[in-house]
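Secondary and tertiary structure notes
Take a look at the letters that make up each chain.
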Amino acid sequence: MSVASVYKGPRQANPLWAFAVSSIGRKWIVGISGGLLILFVLAHLAGNLTIYVGPFGEGINVYAQALHANPVLLWLARAGLLAVFLVHIGTTMSLIIANRRARPQRYAVKARLQSTIYVRTMALSGLVVLSFLIFHVLQFAGGLSPYSHLYDLEGRHDVAAMIILSFHNPLVSGFYLLSLVLLGMHLSHGISSVFQTFGLNGRKSSGLIKHGGLLVAWALMIGFASIPVASVTGFLKVLPDERRPDRKLTASSNS
Amino acid sequence: MNFHLKIWRQAEGKGRGGFQDVDARDIPSEASFLEMLDIVNDRLSEGGDEPVAFDHDCREGICGSCSLTINGVPQGPGRGTACQLYMRKFSDGDTIYIEPFRVGAFPVIKDLVINRSAFDRVIAAGGYISERCGNAQDANDTPIPKTVADYAMDAAACIGCGACAAACPNGSAMLFVSAKIGHLGLLPQGKPEANRRVRRMVAKMDAEGFGNCSNYYECEAVCPAGVPAAFIAKMNRDYALASVRNAVEATA
Amino acid sequence: MSTITLDPKIPSGPLADKWANFKAASKLVSPGNKRRYELIVVGTGLSGGSAAAVFGEQGYNVKCFCYQDSPRRAHSIAAQGGINAAKNYQNDGDSVDRLFMDTIKGGDFRSRESNVYRLAQVSTHIIDQCVAQGVPFAREYGGMLANRSFGGAQVSRTFYARGQTGQQLLLGVYSELSHQISAGTVKMNPRHEMLDLVIVDGQAKGIITRNMVTGEIEAHAADAVILASGGYGNAFFLSTNAMGCNVTATYRAYRRGALFANPCFTQIHPTCIPVSGEYQSKLTLMSESLRNDGRIWVPKRKEDCGKKVADIPEDDRDYFLERKYPSYGNLAPRDISSRSAKEVCDEGRGVGPGGLGVYMDFADAIKRLGESTIRERYGNLFEMYKNITGENAYETPMRIYPAVHYTMGGLWVDYELQSNVPGLFVIGEANFSDHGANRLGASALMQGLADGYFVLPYTIGNYLAPVRGTCPDVNRPEFKQAVEEVKERVNRLLSIKGTRTVDSFHKEIGKLLWDECGMARSKEGLEMAIKKFDQIREEFWSNVCVLGDGDELNASLEKAGRVADFIEFGQLMCEDALDRNESCGGHFRVEYQTLEGEALRNDDDYFYVSAWKYTGEGNKPELIKEPLQYEGVKLATRSYK
């Protein structure tokens, strides 16, 4: 008797599809996309911190040049990142709608037992971070910054100057810092949640994961926040205009 | 002691319901919360008012019939069920809100009485080990390490009251469902059908309209049996693995 | 003269072979025919739930009923200690014979020998079955099952799951039942209360229920009816039973002709938290294990009762159990400890509110072993005590008092667990068969599961095989009439509109039973109580107040029906206690005691089961005796001095 003739029971919906639309499956999708975004944030921070290399932050210029070396790859990566964002947000929205339906009537008295402020503000912190991201991308990657056209001594795009000078504007650095705090909050819940969703959270490791997640989230936030702070306090310096090869485009002429 | 109660009253069926103000005077501090309600009900009856309907049975914290949310906390403040809550925990003159568990999948039957049969249906979907009563092998033929048996017992201790779903802002029943999946899945006797069990129970849980876990962990905080949320993590993993295995088997 | 002779249908052969002989000779229903039978099971505790699940597995069509919102909440769930089985895993000399002997002796030689022997035989299968279905019993580090010892036995044969053994066994039953519900063989009807039994041509063929949500009165027909509706401890109002436990299902069957056996055999547990006031709704049990380290005492003088414990010097304390029973001391058996506590309280030396309590003092044990050891042993119990009473038992002694806990009596059944009404089977606490006049700890769970899993599925065949195809139509006049009668009763309760609450009646009969038919009973007291019950019944039916309507969820109406039955049943208990002119087990008649105050059994005149036949409302019931016959056991006096 051939294997193919063995009866396997009635036809079911595609098992992977059934998983993807289930409550837990959607959690996994949010978790996987969130996990990828955490990895992206980590890589992004590593890139940003290269601004501390060189007297005028040339490290980040080198990094940016390398990043732009292959436009096809870069755009593919950007498209992928965008897709991950959309999946993360879209799936979360579908869960929020389902969860509202599951709890149609609220209590007259609200009590909070052990849920953290982070989990209760996930949607809000996510939305603020999202709006910041749009501004952030337009400002730095989209070339809308008034300091987008500076070049360093080696003729590289002077990304460091663009960043540092932008942060001299208190509105920009203020919004940046605020968003970072919210990102820190989002990740304070997000990182340990990824472990919970993937089932890597045991009864003994749960404390470690919870506190480790918090630590990583706030370490990330401090790493990012150090750049505007270092810019405003003058720790990070911009290549002086008089040393720029093309004197027509200087930092001061634009400001 | 005297209390000002705001008790949820809802007529049978779909009525919208609302709070009734009741003054509970001269309540002994040694009375349990349900005995306080008994006294209130006796006085309501004597005054010709219909007593408040609420579910209760064993009054020793194990049957899981209690379904009261007291001042926003399912099963009331402190560990344990509402029947194990004593009035001395409150202060004289307190205002106390008494509501039913509010979960979409637990419709209100009357006043504080809710219909929790969704839980029974989730268990019927797979919360068992398929074996026939008769000549089972000797109980000591399969040794089970003490740590495994104890951990399974942590999950099996669930009393099925539904406070987890009632405390969850998402109306999620994952602590309840994961406790049964964890209990049976940890034991060697429950492993052969573990994959099918987790897939069926999760599918039924979703179909019953329970929400999804956002890791608030409020369930863990109210659980009268102290079931840890780590079982939800285990269920998340078990479900994903079972789905992948199922997908592989479907194509093989 | 009696119209009924009771045939216990004890199989032939030596005691040890009776069950095998019975099984070999019993009739079977073929697998293909099982689906042509309808069975009704009332109650979803250990016995009812397991019976319904097994019948479902075997292919019968089962309709199962419970008053709770889910079968998982039946009161078996509250059993704490454990379940006995003659596994001899401890190699300490346990055997089927020894478990049998302990149970017979524990029951003070008033149970049916053959039933008890079978119980001991199947006990070992129960543990296998439970482990197979995933009950997480306590284990040793090597992975083998752990045991603890329990009262009334000199071996360690009790299996347990923390302090929640009943819960875990019931959840095992519930999971198996749920499996059958999903398979479609069992149709579960939660929030349904059985209000009558329907008899067609002399056989039990259906029940009448009230849907407790909609109030609908429904008729259900079947080939056989199985009652697993538990005990009647709530007749006393205050007991360790769940609030909903009631006698209605068995009492209604009694009114329809089933015999009620040994109703006066009730068990009173010595270590419960005392009553603290009038409002109290139930009593909470504290594990008996506390008596291993707690010393029980009251002040020697009445005047000291109100004093603080610290102000009562050692010399003014009366450790009455140690004084009266020097060899067993604080570990004297349940009935004896309970009675001694009552005696000192009757002398006015009780402590706490109302003088109904005795001290259980851990000061010596704490001094000897240290607080941490005591905390390790009993931490959860001390916590529970503190939660309920607000007192710290590490600093001041606990107060305890006896409370009604279990009822050994129940509907009369034969070896097949069938009542005298053909087609009516009764299992678990609802029947009378296995515990005699007193039940040993950890034996109730054993009996419930034995009946449901391993006895009834075999014994029901003898009745079912010949009656195939006789399940009546619910439109038959017998059903219609029963429905009308139930409706009429409901309407009558609602239409009285008197001035007294249902609870006030329940408390009144509870107190009456506790005083006159509780731990100590006397002829005068019982005769007075029997008369009093007539008055209470009359007042109830003319002055009870039941609010609300019949066609909705109405807790007062449910309760009113139950209390009405408790009133009639309480009188029956007193009749039975009055008839039994001896003291045995939980039944202590003050007229029948030794000079030292010990129970005086009378095997010459009372070595029988008292089965009572209903003869109409307000009439004295008729006593039918089933003489006991022991083949393997010699009668002996219990002594614990």
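Just so we're clear, the structure is a prediction, and the values are computed from it rather than from any experiment. (Residues numbered from 1 in each chain as written. Chains lettered and ligands numbered in written order. Predicted model: local features only at pLDDT ≥ 70, side-chain atom pairs only at ≥ 80, totals over all residues. Heavy atoms only, no water.)

Take the state of the cysteines next. Scanning the model with the defined rule gives zero disulfides over all chains in all. With no disulfide of its own, Cys130(C) lies 9.0 Å from the sulfur of Cys133(B), the closest cysteine sulfur. Unpaired in this structure, Cys574(C) has its nearest cysteine sulfur neighbour in Cys517(C), at a distance of 4.4 Å. (Disulfide = S-S within 2.5 Å.)

A few words now on the nonpolar core. In this structure, Phe210(B), Ile83(C), Phe137(C), Leu424(C), Leu464(C) and Phe540(C) are the most contacted members of the largest nonpolar core, which totals 291 residues. Sorting elements by how many residues they give to this core places helix α17 (residues 555-579) of chain C first, with twelve residues. Here Phe540(C) is in contact with Leu493(C), Ile496(C), Phe505(C), Ala560(C), Val563(C), Ala564(C) and Ile567(C), once residues within four sequence places are set aside. Ranked by size, the runner-up nonpolar core spans 29 residues in total, among them Phe3(B), Ile39(B), Cys83(B) and Leu85(B). (Core = buried A, V, L, I, M, F, W, Y, C linked by side-chain atoms within 4.5 Å. Buried < 20%, exposed > 50% of the residue type's maximum accessible area, 1.4 Å probe, protein only. Helix = DSSP H or I, 4+ residues; strand = E, 2+ residues; numbered from the N terminus. Contact = heavy atoms within 4.5 Å.)

What follows covers the arrangement of the chains. Looking at the two pairs of chains with contacts, the pair that accumulates the most is chains B and C. The two units chain A and chain C never meet; even their closest C-alpha atoms stay 16 Å apart.

What the rule picks out here adds up to 66 salt bridges over all chains. When the shortest N-O distance is used, the salt bridge between Arg116(B) and Asp55(B) registers 4.0 Å. Pair noted here: Arg116(B) is in the loop between β7 (113-114) and α2 (117-124) and Asp55(B) is in the loop between α1 (33-46) and β3 (68-70), with a separation of 61 residues, a long-range link. For the pair shown, Arg116(B) and Asp55(B) are each scored as buried. Notably, a salt bridge pairs Asp238(B) with Lys234(B), separated by 2.9 Å at the nearest N-O pair. In this pair, Asp238(B) and Lys234(B) are both assigned in helix α8 (residues 230-251), four residues apart and thus about one turn of the helix distant. Grouping residues by exposure puts Asp238(B) and Lys234(B) together as buried. A single network of salt bridges, built from pairs that share partners, joins Asp108(C), Arg110(C), Arg580(C), Glu582(C), Arg601(C) and Asp603(C). (Salt bridge = Lys/Arg side-chain N within 4 Å of Asp/Glu carboxyl O.)

Attention shifts here to the interface of chain A and chain B. Counting residues at the interface gives 38 residues for chain A, matched by 53 residues for chain B. When the area that chain A buries against chain B is broken down by residue, the three leading residues are Ile24(A), Tyr107(A) and Gln196(A), summing to 18%. The interface formed by chain A and chain B contains zero salt bridges. Taken together, the links from chain A to chain B amount to 24 residue pairs in polar contact (both at pLDDT 80 or more). Put simply, the parts of the chain that give the side of chain A that touches chain B at least two residues each are α1 (15-21), α2 (23-49), α4 (71-102), α5 (117-120) and α8 (170-197) of chain A. It is α2(A) that contributes the most residues to the side of chain A that touches chain B, five residues altogether. For the side of chain A that touches chain B, the per-class residue count stands at 16 nonpolar, 15 polar and seven charged. (Buried area = accessible area lost by both parts, 1.4 Å probe. Polar contact = N/O pair within 3.5 Å; in protein donor to acceptor, adjacent residues only side chain to side chain. Nonpolar A, V, L, I, M, F, W, Y, C, P; charged D, E, K, R; others polar.)

This part is about the sheet that holds strand β8 (residues 217-221) of chain C. Residues and elements named next belong to chain C. Reading across from one edge, β6-β7-β8 is the order of the three strands in this open sheet, with antiparallel pairing throughout. Lying at the two open borders of the sheet, with one neighbouring strand each, are β6 (192-200) and β8. In this sheet, adjacent strand axes meet at a mean angle of 25° when their direction is disregarded. Looking at chain direction, β6 and strand β7 (residues 203-211) are connected through eight bridges and run antiparallel. Bridging across to β7, Asp196 finds its partner in Ile208. (Pairing = 2+ DSSP bridges. Axes fitted to C-alpha atoms, helices over the stretch in contact; angles between N-to-C directions.)

What follows deals with the interface of chain B and chain C. Interface size, as often reported, equals the accessible area lost upon joining of the parts. Contact residues are listed per partner, giving 72 residues for chain B and 69 residues for chain C. For the chain B face of the interface with chain C, the top three residues by lost area are Asp57(B), Cys133(B) and Met153(B), together amounting to 11%. Taken together, chain B and chain C are joined by six salt bridges. The shortest N-O distance in the salt bridge between Asp69(C) and Arg116(B) comes to 3.4 Å. Our count for the contact surface shared by chain B and chain C stands at 39 residue pairs in polar contact (both at pLDDT 80 or more). Those elements that provide at least two residues to the side of chain B that touches chain C are α1, β6 (108-110), β7, α2, α3 (146-156) and α5 (174-186) of chain B. Ranked by residue count, the leading element in the side of chain B that touches chain C is α3(B), at seven residues. Across the side of chain B that touches chain C, the residue classes tally to 34 nonpolar, 16 polar and 22 charged.

All names here are of chain A. Where helix α6 (residues 122-141) meets α8, the closest approach of the two axes is 9 Å, and the angle between their N-to-C directions is 135°. In terms of axis orientation, α6 runs oblique to α8. Note that α6 runs across α8; the crossing there is left-handed. Only Val172, Phe175, Tyr176, Ser179, Leu182, Leu183, His186, His189 and Gly190 of α8 make contact with α6, whose side of the interface consists of Met122, Ser125, Gly126, Val128, Val129, Ser131, Phe132, Phe135, His136 and Gln139. Broken down by class, the residue content of the contact of α6 with α8 amounts to ten nonpolar, nine polar and no charged. (Parallel < 35°, antiparallel > 145°, perpendicular 65-115°, else oblique. Left-handed = near helix turned anticlockwise from the far one by under 90°.)

This brings us to the domain arrangement of chain B. Residues and elements named next belong to chain B. Under the domain assignment used here, chain B contains domain 1 (3-110) and domain 2 (117-251). Each of domain 1 and domain 2 has a C-alpha centre, and these two points are 30 Å apart. The interface is formed by 16 residues belonging to domain 1 together with 19 residues belonging to domain 2. Summed over both sides, the interface of domain 1 with domain 2 buries roughly 1,200 Å², with 67% coming from carbon and sulfur. There are zero salt bridges connecting domain 1 and domain 2. (Domains from an automatic or database assignment.)

All names here are of chain C. Once the domains are mapped, chain C shows domain 1 (15-265 + 408-467), domain 2 (269-403) and domain 3 (480-612). Put simply, the middle of domain 1 and the middle of domain 2, counted by C-alpha atoms, are 34 Å apart. The interface is formed by ten residues belonging to domain 1 together with ten residues belonging to domain 2. Buried area between domain 1 and domain 2, summed over both chains or domains, comes out near 930 Å², and the portion from carbon and sulfur atoms is 57%. Considering only the side of domain 1, the residues that lose the most area to domain 2 are Gln80, Leu238 and Thr240, jointly responsible for 50% of the buried surface there. Between the two partners, domain 1 and domain 2, sit zero salt bridges. Scanning the region where domain 1 abuts domain 2 turns up three residue pairs in polar contact (both at pLDDT 80 or more). Split into classes, the residues belonging to the side of domain 1 that touches domain 2 amount to four nonpolar, five polar and one charged.

Take the sheet that holds strand β17 (residues 424-426) of chain C next. All names here are of chain C. With parallel pairing, five strands are arranged side by side in an open sheet as β5-β2-β1-β9-β17. Edge positions in the sheet fall to β5 (186-189) and β17, since each has one partner strand and no second. On average, each strand axis in the sheet is inclined to that of its neighbour by 20°, with strand direction left out of account. The pairing of strand β2 (residues 61-65) with β5 spans four bridges and is parallel. Bridging from a neighbouring strand, Val62 pairs with Val186 of β5.

Residue and element names in this part refer to chain C. Within the structure shown, the criterion is met by 47 aromatic pairs over all chains. With a centroid separation of 5.0 Å and an interplanar angle of 85°, the aromatic rings of Phe607 and Tyr630 are classed as edge-to-face. Highlighted residues: Phe607 in the loop between α18 (603-606) and β20 (608-613) and Tyr630 in the segment after β21 (622-627), separated in sequence by 23 residues. The exposure class assigned to Phe607 is buried, which follows from its relative accessible area of 16%. Seen from the ring of Tyr319, Arg295 lies directly overhead, with NZ or CZ sitting 3.8 Å from the centre. One residue, Arg500, lies across the ring of Phe505, its end atom 3.9 Å from the ring centre. (Phe/Tyr/Trp six-rings, centres within 6.5 Å; stacked < 30°, edge-to-face > 60°. Lys NZ or Arg CZ within 6 Å of the ring centre and 35° of its normal.)

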